[in-house]
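# Topology and contacts: notes
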Amino acid sequence: MSDEPIEAAIEQFLTEAGSALDDYEQGYADADATLSVIRARMDELDRAMDEDSDGDSDSG
């Protein structure tokens with residue numbers, strides 16, 4: 001049950017990173033903008049994982 005937030009965060013990361021890469025490949029964004037979006041999504045995913053691990057320590 002505790003995996004649901006992580007799974008949602010991973011799904012969101014993959015969707016948004018894929019969209020950023022698609023925009024880059026189609027010429028709508030440059031490399032710096034694309035990497036900035038991907039880095040922001042990685043940071044969000046990292047925070048979600050940290051929050052999940054903090055929650056796990058409370059239950060064990």
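An account of the accompanying structure is given in this report. For clarity, every value in this text was computed on a predicted model and none was experimentally measured.

Rules behind the numbers
- Residues numbered from 1 in each chain as written.
- Predicted model: local features only at pLDDT ≥ 70, side-chain atom pairs only at ≥ 80, totals over all residues.
- Heavy atoms only, no water.
- Helix = DSSP H or I, 4+ residues; strand = E, 2+ residues; numbered from the N terminus.
- Areas by Shrake-Rupley, 256 points an atom, 1.4 Å probe, with all protein chains shown as cover.
- Salt bridge = Lys/Arg side-chain N within 4 Å of Asp/Glu carboxyl O.
- Buried < 20%, exposed > 50% of the residue type's maximum accessible area, 1.4 Å probe, protein only.
- Core = buried A, V, L, I, M, F, W, Y, C linked by side-chain atoms within 4.5 Å.
- Contact = heavy atoms within 4.5 Å.

## Remarks on the overall build of the chain
The helix and strand inventory of the chain stands at two helices and zero strands. A total of about 4600 Å² of accessible surface is found on the chain, and carbon and sulfur atoms cover 50% of it.

## A few points about the pattern of salt bridges
In this structure the tally under the stated criterion is two salt bridges. A salt bridge links Glu-16 to Arg-41; its shortest N-O distance comes to 2.3 Å. In this pair, Glu-16 is assigned in helix α1 (residues 3–25) and Arg-41 in helix α2 (residues 31–59), connecting sequence segments 25 residues apart. With a relative accessible area of 26%, Glu-16 lands in the partly exposed category. The class of Arg-41 is partly exposed, set by a relative accessible area of 23%.

## Here we look at the nonpolar core
Of all hydrophobic cores here, the largest spans eight residues; its members are Ile-6, Ala-9, Phe-13, Ala-17, Ala-20, Ile-38, Leu-45 and Ala-48. Setting aside residues no more than four positions away along its own chain, Phe-13 makes contact with Gly-18, Ile-38, Arg-41, Met-42 and Leu-45.

## Thoughts on the environment of Ala-40
With respect to the secondary-structure elements, Ala-40 resides in helix α2. As for Ala-40 and Phe-13, which are separated by 27 residues in sequence, their C-alpha atoms are 9.5 Å apart.

## Digging into the environment of Val-37
By the element assignment, Val-37 lies in helix α2. Residue Val-37 is classed as partly exposed on the basis of its relative accessible area of 30%. C-alpha separation for the pair Val-37 and Ser-19, spaced 18 residues apart in sequence, amounts to 9.7 Å. In contact with Val-37, other than residues within four places in its own chain, are Glu-16 and Ala-20.

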